[in-house]
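Below are the chains, spelled out letter by letter.
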Amino acid sequence: MAGLRAAVSKLLEQHGDAAMGLHGFGREVFDTLLSRGVSEAAALELGQICRTDDPEGRAILQRELQRLIGPTAPIEVKKGQRRIIALVGPTGVGKTTTLAKLAAHFTLDRGLNVALITSDTFRIAAIEQLRTYADILGVPIYAVDRPEEAAQALLETKEKDLVLVDTGGRNFRDEARMAELRELLAVLRPDETHLVTSLNTNPRDAFDALDSFLPLGVNRLTFTKLDETTSPGLILNLKLRTEAPVGYLTHGQSVPNDIIPADEADFTKILMGA
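To start, this report covers the structure provided alongside it.

What counts, and at which threshold
Residues numbered from 1 in each chain as written. Predicted model: local features only at pLDDT ≥ 70, side-chain atom pairs only at ≥ 80, totals over all residues. Heavy atoms only, no water. Salt bridge = Lys/Arg side-chain N within 4 Å of Asp/Glu carboxyl O. Helix = DSSP H or I, 4+ residues; strand = E, 2+ residues; numbered from the N terminus. Buried < 20%, exposed > 50% of the residue type's maximum accessible area, 1.4 Å probe, protein only. 1 Å grid on protein atoms, 1.4 Å probe; cavity = no way out; pocket = protein on both sides within 12 Å on 5 of 7 lines; lining within 4 Å. Points joined across faces, edges and corners; volume = space filled by probe spheres on them. Nonpolar A, V, L, I, M, F, W, Y, C, P; charged D, E, K, R; others polar. Expected span 1.5 Å × (residues − 1). Arc of directions from axis to C-beta. Contact = heavy atoms within 4.5 Å. Pairing = 2+ DSSP bridges. Axes fitted to C-alpha atoms, helices over the stretch in contact; angles between N-to-C directions. Core = buried A, V, L, I, M, F, W, Y, C linked by side-chain atoms within 4.5 Å.

Here the idea is simple: oppositely charged side chains can pair when their charged atoms come close. All chains considered together, the criterion is met by 11 salt bridges. With a shortest N-O distance of 3.1 Å, Asp211 and Arg241 are connected by a salt bridge. One end of the pair, Asp211, is in helix H9 (residues 203-213); the other, Arg241, is in the loop between helix H10 (234-239) and strand E7 (246-250), and 30 residues separate them in sequence. Note on Asp211: relative accessible area 41%, which makes it partly exposed. Classification of Arg241 as partly exposed rests on a relative accessible area of 43%. Salt bridges sharing common partners tie together Glu45, Arg63, Glu64 and Arg67.

Here it is in structure tokens:
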């Protein structure tokens, strides 16, 4: 118990030193962001920028958060110009449900010709789950297990506006499985590869996953399970590690609902807990 108290006291002292000189709204920003999972360095930077009690403090915070998040990039599709979008990520992060939401949006709301490809042949009933969504939406689905099957699926979807690819969850520490995914993506050549990250993931694991998937051509970030965490600071922490823009955030299991294009998200409210 004595050791635990000493460790807690040391942690409090470290945070106190870091936040020395912060008062008013700046201190509120630092403390809140820290409690919401934002890294201490980023929380301190934002707290220092907002340390004035200027009535424009919240506007300053919003502007600075937007600067750190950077440009957002939801999927853009033009009719008659096929775009291939692949979702990749560890197991259990919600790729299949997210893909179903995207398929529903672009089919029902946008009126585009959509096709689905899934390589998730490992998880029990994964193909059946996605096939159910495909049947409801009236869109074709192709299950592929080998690169040549993926190539054939691409030939059969050449007239589509949007092809959404659901890859099986990969243990990013398993080199053989990652090599299989790399081979599949080499055939599919997606225009966008979204790394899907659950916001209730251990931060260290999330960073390791990012480092493992980036070499596969990841150029978008999509975050899931916003409704299942009190620490959405992982959004900012991961974003500061890569130039890949944020595409979407999801906050529930409802299809086609519970998904927010990143350009419509209020990151100040999300990160400050409003």
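There is more to say after this.
The next thing to look at is empty space enclosed by the protein. Within this structure, the stated rule accounts for one cavity of 30 Å³ or more. Lining the largest cavity are 13 residues, and of these Thr224, Lys225, Thr250, Gly252 and Gln253 sit closest to its centre. Element by element, the count of residues in the lining of the largest cavity is highest for helix H5 (residues 95-109), at three residues. Looking at the lining of the largest cavity, its residues break down into one nonpolar, eight polar and four charged.

In this section: helix H8 (residues 175-188). When the terminal C-alpha atoms of H8 are compared, their 20 Å separation across 14 residues agrees well with the 20 Å that a helix rising 1.5 Å per residue should span. Inspection of H8 places Met178, Leu181, Leu184, Leu185 and Leu188 among the buried residues, and these make up the whole buried set. Looking straight down H8, one finds its buried side chains confined to an arc of 120°; they lie on one side. Turned more than 90 degrees away from the buried face of H8 sit Glu175 and Ala186, all of them exposed. Taken together, the buried residues of H8 touch strand E1 (83-88), strand E2 (114-118), helix H7 (147-156), strand E4 (162-166) and H9. Looking one or two residues beyond H8, the residue adopting positive phi is Arg189, at roughly 45°.

Right, let's talk about the sheet that holds E7 for a bit. Across the sheet, which stays open at both edges, the eight strands sit in the order E3-E2-E4-E1-E5-E6-E7-E8 with mixed pairing between neighbours. Of all the strands in the sheet, the pair left with one neighbour each is strand E3 (141-143) and strand E8 (259-261). Across the sheet, the mean angle from the axis of one strand to that of its neighbour is 20°, orientation sign disregarded. Against the sheet, H8 contacts E1, E2 and E4, and its axis sits at roughly 170° relative to E1.

One finds Ile117, Phe213, Leu236 and Leu249 to be the most contacted residues of the largest nonpolar core, which totals 60 residues. Grouped together as the second largest cluster of nonpolar side chains are 22 residues, Val93, Leu112, Leu130 and Leu164 included.

The subject of this paragraph is H7. What H7 keeps buried is the set Ala150, Ala153 and Leu154. Projected down its long axis, H7 carries its buried residues within an arc of 100°, all on one side.

With that settled, the discussion passes to the side chain of Thr193. Tracing the sequence through the fold places Thr193 in strand E5 (residues 192-198). In this view, Thr193 contacts Ala86, Val88, Gly217, Val218, Asn219 and Arg220; residues no more than four positions away in its chain are not counted.

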